[in-house]
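Breakdown of the fold
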Amino acid sequence: MQSDKQKIQNGSCSSSEHENSCLNCHFLMKWDRGPNGSEWKFEIAHDERTRLACGKAPEEVLGGDDSLGCYQNVWDWANRCKDSENDLVRVLTHDRGETCFFYSHTPGMLFPAAAELERRKVARREARQDRKVAKLGIVIAAFAALGGAAVGALLAKVFG
């Protein structure tokens, strides 16, 4: 099986195979900080995502002033720690599963809207899981009640 880096080097770098990767996530952003502390955050366009997946340097893709990061503050390429991942391609293509905030890239959608929709998606998924657990509890309780009634009827026959 090829690593993400090998796939990119072999020219298959148009997008990540991993559905829940930063490359496919709406929260992948470019940002710039002004001298007065202000911040500007923008979505990454599809062509920029493709060039980043191909291993292009962020400065080459975004320009010198912008940096890459996650709108949900999971990671920030310009301000990473010493022990953070140093391979940008790996950061962008790693399948994070359900261990991260993920909302599919939707061109033109503002970040706060995507954050709210992602929150709702997670709430629905958790509610669906809770309903499954509740249904299982009801089924177990019904079998226990039937079993208890059967044992009671058997005991009534034997000792009655």
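Predicted, not measured: the structure shown is a model, and the values here were computed from it. (Residues numbered from 1 in each chain as written. Predicted model: local features only at pLDDT ≥ 70, side-chain atom pairs only at ≥ 80, totals over all residues. Heavy atoms only, no water.)

Let us now look at the overall build of the protein. A tally of regular secondary structure across the protein gives five helices and three strands. The helix and strand sequence of the protein, counted from the amino end, reads α-β-β-α-α-β-α-α. Counting over 160 residues, the protein shows a buried share of 29%. Within the protein, residue pairs in contact and separated by at least 24 positions form 61% of the contacts whose partners lie at least 6 positions apart. Summed over all atoms, the accessible surface of the protein reaches about 10,500 Å², with 57% contributed by carbon and sulfur. (Helix = DSSP H or I, 4+ residues; strand = E, 2+ residues; numbered from the N terminus. Buried < 20%, exposed > 50% of the residue type's maximum accessible area, 1.4 Å probe, protein only. Contact = heavy atoms within 4.5 Å. Areas by Shrake-Rupley, 256 points an atom, 1.4 Å probe, with all protein chains shown as cover.)

So, on to the pairing of strand E2 (residues 39-43). By the bridge criterion, five bridges tie strand E1 (residues 28-33) to E2 in an arrangement that is antiparallel. Residue pairing across strands places Trp31 opposite Lys41, the latter belonging to E2. In this structure, the hairpin formed by E1 and E2 is closed by a connection of five residues, where Gly37 is found at a positive phi of approximately 90°. (Pairing = 2+ DSSP bridges.)

Among the surface-exposed residues, Val151, Leu154, Leu155, Val158 and Phe159 lie close enough to one another that they form a single nonpolar patch of about 540 Å² accessible area. Of note, Val151 is situated in helix H5 (residues 111-159). Since its relative accessible area comes to 47%, Val151 is described here as partly exposed. (Patch = residues over 30% accessible without salt bridge, like charges linked within 9 Å, V, L, I, M, F, W, Y side chains within 5 Å. Salt bridge = Lys/Arg side-chain N within 4 Å of Asp/Glu carboxyl O.)

All right, on to the pattern of salt bridges then. Under the defined criterion, the tally for this structure stands at nine salt bridges. The shortest N-O distance in the salt bridge between Arg33 and Glu39 comes to 2.8 Å. A salt bridge links Arg90 to Glu85, with the nearest nitrogen and oxygen atoms 3.7 Å apart. Judged by its relative accessible area of 38%, Arg90 falls in the partly exposed class. Counted as one network, the salt bridges with shared partners bring together Arg33, Glu39 and Lys41.

Taken together, the three strands give an open sheet; going across it, the order is E2-E1-E3, and neighbouring strands pair in antiparallel fashion. Of all the strands in the sheet, the pair left with one neighbour each is E2 and strand E3 (67-70). The mean angle between the axes of side-by-side strands here comes to 40°, regardless of whether they run parallel or antiparallel. (Axes fitted to C-alpha atoms, helices over the stretch in contact; angles between N-to-C directions.)

Turning next to H5. The first and last C-alpha atoms of H5 sit 71 Å apart over 49 residues, in line with the 72 Å expected at 1.5 Å per residue. When H5 is considered as a whole, its buried residues turn out to be Phe111, Ala114 and Glu118. Among the structural elements, E1 and E2 are those in contact with the buried residues of H5. (Expected span 1.5 Å × (residues − 1).)

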